[in-house]
Amino acid sequence: MRKFGIVVLSVVLFASAANAQQKIVLDKIVAVVGNSVILKSDIELLNAQYVIQNVHPDKCLLARA
């Protein structure tokens, strides 16, 4: 009975340790221009600002560049 308890405890600890090591992506590099890095969050922030200001992408300077 004691061996069974140790095996169950080992399986539970192994499963929780494996689950705790999942990778979480915080941000993503989408482009490198010269020495500058453009992050996905930067693009999402600019897009949110355009939506709030009601600016259409065809009218912004980034679309023409």
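Look a little higher up for the structure.
Below: a short report on this structure. Being a predicted model, the structure only gives us computed values, none of them experimental.

Some remarks on the overall build of the chain
When helices and strands are counted, the chain shows three helices and two strands. Of the accessible surface of the chain, which amounts to about 6300 Å², a share of 65% is contributed by carbon and sulfur atoms.

Details of the pairing of strand β2 (residues 36–39)
Taken together, the four bridges between strand β1 (residues 29–33) and β2 define a ladder with antiparallel strand orientation. The residue bridging Ala-31 from the neighbouring strand is Ile-38, located in β2. What sits between β1 and β2 in their antiparallel hairpin is a turn of two residues, with Gly-34 showing a positive phi close to 65°.

As for the pattern of salt bridges
Close approach of charged atoms allows side chains with opposite charge to pair. The final tally for this structure, using the stated rule, is one salt bridge. Here Glu-44 makes a salt bridge to Lys-40, at a shortest N to O gap of 4.0 Å. Here the residue Glu-44 and the residue Lys-40 both occupy positions in helix α2 (residues 40–53), the gap between them amounting to four residues, near one helical turn. Note on Glu-44: relative accessible area 45%, which makes it partly exposed.

A few points about the environment of Lys-40
Looking at Lys-40, the relative accessible area reads 41%, which means it is partly exposed. Separated by 13 residues in the primary sequence, Lys-40 and Asp-27 place their C-alpha atoms 6.4 Å from one another. Once you skip the residues sitting within four places of it in the chain, Lys-40 turns out to touch Asp-27, Lys-28 and Val-30.

Some words on a nonpolar patch on the surface
A contiguous nonpolar patch, built from Val-30, Val-33, Ile-38 and Ile-43 and spanning about 310 Å² of accessible area, is present on the exposed surface. Here Val-33 lies in strand β1. A relative accessible area of 52% means that Val-33 is categorised as exposed.

The rules behind the values
Residues numbered from 1 in each chain as written. Predicted model: local features only at pLDDT ≥ 70, side-chain atom pairs only at ≥ 80, totals over all residues. Heavy atoms only, no water. Helix = DSSP H or I, 4+ residues; strand = E, 2+ residues; numbered from the N terminus. Areas by Shrake-Rupley, 256 points an atom, 1.4 Å probe, with all protein chains shown as cover. Pairing = 2+ DSSP bridges. Salt bridge = Lys/Arg side-chain N within 4 Å of Asp/Glu carboxyl O. Buried < 20%, exposed > 50% of the residue type's maximum accessible area, 1.4 Å probe, protein only. Contact = heavy atoms within 4.5 Å. Patch = residues over 30% accessible without salt bridge, like charges linked within 9 Å, V, L, I, M, F, W, Y side chains within 5 Å.

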